[in-house]
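Remarks on the overall topology
Residues per chain are reported as follows:
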Amino acid sequence: MKIPDNKPSGTIAFNTNRDGNNEIYLMDVKGSNLRNITNNPAMEYGPSWFPDGSKIIAYSNRDGNPELYVFDLKKDTAIRMTDHQGEDVLPVVSPDGSQIVFMSNRNEKSRSVYKMKIDGSDLTALTDNADYEESPAWSPDGQHLLFTRQLRDLNDTTHAANGEIFRMKADGSEVTRITDKPGYDSGAVYSPDGNQIAFYGPEGDSFEIFVMDAEGKDIRNITQDTLDCYSPSWSPDGKWIAYTAGTGNNYDIYIINIENNEKRRLTNTKIRNESPAWAPVSLEE
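Residues numbered from 1 in each chain as written. Predicted model: local features only at pLDDT ≥ 70, side-chain atom pairs only at ≥ 80, totals over all residues. Heavy atoms only, no water.

Looking only at helices and strands, the protein chain features zero helices and 24 strands. A burial count over the protein chain gives 55% of its 285 residues as buried. Working note: accessible area of the protein chain is about 13,200 Å², and carbon and sulfur atoms make up 45% of it. Where the 29 positive side-chain charges of the protein chain centre and where its 45 negative ones centre are 3 Å apart. (Helix = DSSP H or I, 4+ residues; strand = E, 2+ residues; numbered from the N terminus. Buried < 20%, exposed > 50% of the residue type's maximum accessible area, 1.4 Å probe, protein only. Areas by Shrake-Rupley, 256 points an atom, 1.4 Å probe, with all protein chains shown as cover. Lys, Arg positive; Asp, Glu negative; His and termini not counted. Charge placed at Lys NZ, Arg CZ, Asp CG, Glu CD.)

Here you go:
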């Protein structure tokens, strides 16, 4: 019997309001060596790593409304990437570091998927409809994107309605629905080898982290928790998933081994720690 590797490594970025507002922190996989990389009284949220681990992109309202910013970890600088009266949120850098996808309501219909080059040029709308969308994610080869689309029946009066996970080519073509289950499923991310997808969704009385194959089959619940679990992020070796779990206003960052479901809690506070993003490379000097 194969014994799973129980020695995760690397750096995890995450959101926390431990300073009274939403900041982005870094920590190691033991929950130690914390570092605040934003240090601003405004809101910063949704960290995503550049492929070489040198920078993080996120969104902030430090200039009035949500815009995209790049935080250079060595220079301690913040560079604004978008400038629009709409809300630009949830940016993700492509695996080759050349492009950024993000969500925006600048079409004045609803939140849709947009793409631009890493320097902010060649802005393109990949979706453009009245359905609320969120959580874009690249495939490891950069050829496809995952995202969530809210599908609301005319008689559905619930807050979240039904959220399903869709896949499309990186140019916005060939949009395909890959989940079909009750409730709001979102946060889909490919494993590093592209063979699996992790996402969160409801089961029973709570939200759980699920893993399925790349075509949306063989779905399994890996957290099986009484807490609400969301925002999965794979370790670079594909053996662990970082995620958020909690209830009320108390959420913490956990990691789970996908082979034996061993859980480790990395933060332990009475506030919100959420939206973990595992660095794609080692940041050790």
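Below, the discussion takes up the pairing of strand β7 (residues 77-80). As paired strands, strand β6 (residues 67-72) and β7 are joined by four bridges and run antiparallel to one another. Across the sheet, Y69 pairs through a bridge with R80, a residue of β7. With antiparallel pairing between neighbouring strands as the criterion, β6 and β7 make up a hairpin whose turn holds four residues, including D76 at a positive phi of roughly 55 degrees. (Pairing = 2+ DSSP bridges.)

With that settled, consider the sheet that holds strand β8 (residues 88-93). With respect to topology, four strands assemble into an open sheet ordered β8-β9-β10-β11, the strand pairing being antiparallel. Whereas interior strands pair on both sides, the edge strands pair on one side only; in this sheet they are β8 and β11 (124-125). By the bridge criterion, six bridges tie strand β9 (residues 99-104) to strand β10 (residues 112-117) in an arrangement that is antiparallel. Note that in β10 the partner of V101 across the bridge is K115.

All right, on to the nonpolar core then. Counting residues in hydrophobic clusters, the biggest one holds 25 residues, and the most contacted among them are I57, L68 and I100. Every element with two or more residues in this core is listed here: β5 (55-60), β6, β8, β9, β10, β13 (144-151) and β14 (162-169). Contact partners of I100, with chain neighbours within four places excluded, come to I57, L68, M81, P91, V92, V93, Y114, K115, M116, K117, I118 and W138. Counting 15 residues, the second-largest nonpolar core is a separate cluster that includes A198, I222, A245 and Y254. (Core = buried A, V, L, I, M, F, W, Y, C linked by side-chain atoms within 4.5 Å. Contact = heavy atoms within 4.5 Å.)

Tracing the chain through its elements places D88 in strand β8. A relative accessible area of 0% places D88 in the buried class. Excluding residues within four positions of it along the chain, D88 makes contact with Y59, P66, E67, L68, T82, F102, M103, S104 and R106.

If you walk through the whole model with that rule in mind, you get nine aromatic pairs. Here the aromatic rings of Y230 and Y251 are separated by 5.7 Å at their centres, their planes lie at 70 degrees, and the arrangement is edge-to-face. On the criterion of sequence distance, the pair formed by Y230 in strand β20 (residues 228-234) and Y251 in strand β22 (residues 250-257) is long-range, its members being 21 residues apart. For Y230, a relative accessible area of 16% gives the class buried. Y251 sits in the buried class, given a relative accessible area of 9%. Arranged with centres 5.7 Å apart and planes meeting at 20 degrees, the rings of Y243 and Y254 form a pair that is stacked. Of the two residues, Y243 is situated in strand β21 (residues 240-247) and Y254 in strand β22; the sequence distance between them amounts to eleven residues. Y254 gets classed as buried once you look at its relative accessible area, which sits at 13%. Among the aromatic residues, those joined into a cluster by ring pairs are Y200, F207, Y230 and Y251. In this structure, R18 is placed above the aromatic ring of Y25, and the distance from its NZ or CZ to the ring centre is 5.4 Å. (Phe/Tyr/Trp six-rings, centres within 6.5 Å; stacked < 30°, edge-to-face > 60°. Lys NZ or Arg CZ within 6 Å of the ring centre and 35° of its normal.)

A few words on the pattern of salt bridges. The tally for this structure, following the rule as stated, stands at 18 salt bridges. Among the ionic pairs, D185 bridges to K181, the shortest N-O distance being 3.0 Å. Per residue, the accessibility class of D185 equals that of K181, and both read buried. (Salt bridge = Lys/Arg side-chain N within 4 Å of Asp/Glu carboxyl O.)

On to the pairing of strand β24 (residues 273-278). Burial runs high along β24: six of the six residues are buried. Two strands pair when backbone bridges link them, and strand β1 (residues 11-16) and β24 are joined in this way by four bridges, in the antiparallel orientation. Opposite A13, over in β24, you have A277 as the bridge partner.

Right, let's get into the sheet that holds β21. The strands that make up a sheet pair up through hydrogen bonds in the backbone, lying either parallel or antiparallel. If you trace the four strands from one edge of the open sheet to the other, you get β20-β21-β22-β23, paired in antiparallel fashion. Edge positions in the sheet fall to β20 and β23 (263-265), since each of these pairs with one other strand and no more. Taken over all neighbouring pairs, the strand axes of this sheet differ in orientation by 30 degrees on average, direction set aside. Across five bridges, the pairing between β20 and β21 is antiparallel. What sits directly across from Y230, in β21, is T244. (Axes fitted to C-alpha atoms, helices over the stretch in contact; angles between N-to-C directions.)

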